[in-house]
Amino acid sequence: MKIAKLAALSGLVLTSAVYAQSTTIYGMIDTGVEAVSNVNGVGTLTRMPSTTGILPSRLGFRGKEDLGGGLSAIYTLEMGFGPDTGASGQGGRLFGRQSTVGFSGDWGAVTLGRQWTMLFWSVLDSDIVGPAVYGLGSLDSYIPNSRIDNSIAYKGKFGNVTVGGTYSLGRDAVNAGPSPAGTNCPGESGTDTSACREWSAMVKYDTSSWGTALGYDTMNGRTVGAAPDAVFAGMTSSSKSDSRLMLNGYMKFGGAKVSAGLISRTNDGAAANKSKSDLWYLGASYPLTTAWTIDGTYAMLRYKDVSNNDASLLAVRALYAISKQTTLYAQMGLIENDSQSNISVSGGAPGSNPALGGSQTGVMFGVNHRF
């Protein structure tokens, strides 16, 4: 009897705490089957992608507590996972998508932890297909994965203007590379205060019919230690950096939307003749009915100091909203590589690159459910 009363009391306390803090549980499961042609110049790979469909799968907890005087305490815990196996994403982190705590008010929000850089927020409204299996992430995998560990961030909106910035003391504490999910750069060093630092900044202007954004993101490497220590992507010194400058914009016409953008990158960790590149993109979206939407993106990756390494990608999608929470979709991507490039059309999982100079097509059918 006492145990039953204690359990009931615990449930009441938990419910009251959740209510007082306005905690929300939310998530998304997105999966399907894709077929990618010309893998390694041999044949077609049929698989269930682990990383993304039209959006990556996730489970999250978000809370807010009113502290009075217009000040609130806020937190977000968000985990990513692969619905094909149930494995944790982001290099095996428990809350790899977001893990933040901070304060918010009319002046904006300050948060600490693992969180998005301003590159993510600056591209959000202009990248129409977003972090889909075929999209900008196929040409630059950092774009849909621009998160940092050990960071402090500020973001505030004042009328039509949004400003923000981040600073990381050690941008990536997971050795799971080479990939944006883990690049083995923990930083927080007493001997090298520049190691693995990151900072980003953004300013956006949005109206009901158009918007534009300017963003910058730069991250440092670190000196390689004793074996088996490794630094991925050639960032073998804290004096080396990988920087992206973004400018983009969008316009809305009724329910339709068009967008364009440029991401100019300087990467000291790349080969000398591939250290500078531009990624251009154009996007459009059109609602055929209240349930059906078609959209797509065309993107070009161009290196400034070397030829025969460029790539162009076209992605198109058809989305059918069965309800407010469930969407069926079909999407197709096509990539054309120059003779010394072999970028895969698919950002869904490793292991699908074509042979050098190979073009490639990917097709995926899937379902997205939000809760």
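Placed above this text is the structure.
Remember, predicted model here, so these are calculated numbers, not experimental data.

Draft legend 1. Molecular detail of the overall build of the protein chain. Counting its regular elements, the protein chain contains three helices and 17 strands. Here the protein chain has a C-alpha radius of gyration of 22 Å; the compact-globule value for 371 residues is 21 Å, and the two agree. Principal axes of the C-alpha set define a box for the protein chain whose edges measure 75 × 60 × 45 Å. Relative to its 371 residues, the protein chain shows a buried fraction of 44%. Expressed as a percentage of contacts within the protein chain between residues at least 6 apart in sequence, the contacts between residues at least 24 apart total 59%.

Draft legend 2. Seen up close, the environment of A173. Turning to its location among the elements, A173 is positioned in the loop between β8 (161-168) and β9 (198-206). Sequence separation between A173 and Y303 is 130 residues, and the spatial gap between their C-alpha atoms is 30 Å. Those residues in contact with A173, other than ones at most four positions away along the chain, are R93, D149, C185 and P186.

Draft legend 3. The arrangement of the state of the cysteines in detail. Taken as a whole and assessed by the stated rule, the structure comprises one disulfide. Two residues, C185 and C196, share a disulfide whose sulfurs are 2.0 Å apart. Residues C185 and C196 are joined by a disulfide whose S-S torsion is about -90°; by sign, that bridge is left-handed. Taken together, the positions of C185 in the loop between β8 and β9 and C196 in the loop between β8 and β9 put the pair eleven residues apart, joining distant regions of the chain.

Draft legend 4. Highlighting the pattern of salt bridges. Using the criterion set out here, one finds 14 salt bridges in the structure. A salt bridge links E34 to R47; its shortest N-O distance comes to 2.8 Å. Highlighted residues: E34 in strand β1 (residues 24-39) and R47 in strand β2 (residues 43-47), separated in sequence by 13 residues. Given a relative accessible area of 12%, R47 falls into the buried group. Notably, a salt bridge pairs E78 with R97, separated by 2.6 Å at the nearest N-O pair. Of this pair, E78 sits in strand β4 (residues 71-80) while R97 sits in the loop between β4 and β5 (98-105); the two residues are 19 residues apart in sequence, bridging distant segments of the chain.

Draft legend 5. Representation of the packing of aromatic side chains in the model. Here the structure, examined in full by the defined rule, presents five aromatic pairs. When the centroid spacing of 3.7 Å and the interplanar angle of 15° are considered together, the rings of W116 and F120 count as stacked. Taken individually, W116 and F120 each receive the classification buried, so the pair is uniform in this respect. For the ring pair F120 and W121, a centre distance of 4.9 Å and an interplane angle of 80° mean the geometry is edge-to-face. Taken together, W116, F120 and W121 form an aromatic cluster joined through their ring pairs.

Rules used in this analysis
Residues numbered from 1 in each chain as written. Predicted model: local features only at pLDDT ≥ 70, side-chain atom pairs only at ≥ 80, totals over all residues. Heavy atoms only, no water. Helix = DSSP H or I, 4+ residues; strand = E, 2+ residues; numbered from the N terminus. Rg over C-alpha atoms; globule rule 2.2 N^0.38 Å. Buried < 20%, exposed > 50% of the residue type's maximum accessible area, 1.4 Å probe, protein only. Contact = heavy atoms within 4.5 Å. Disulfide = S-S within 2.5 Å. Salt bridge = Lys/Arg side-chain N within 4 Å of Asp/Glu carboxyl O. Phe/Tyr/Trp six-rings, centres within 6.5 Å; stacked < 30°, edge-to-face > 60°.

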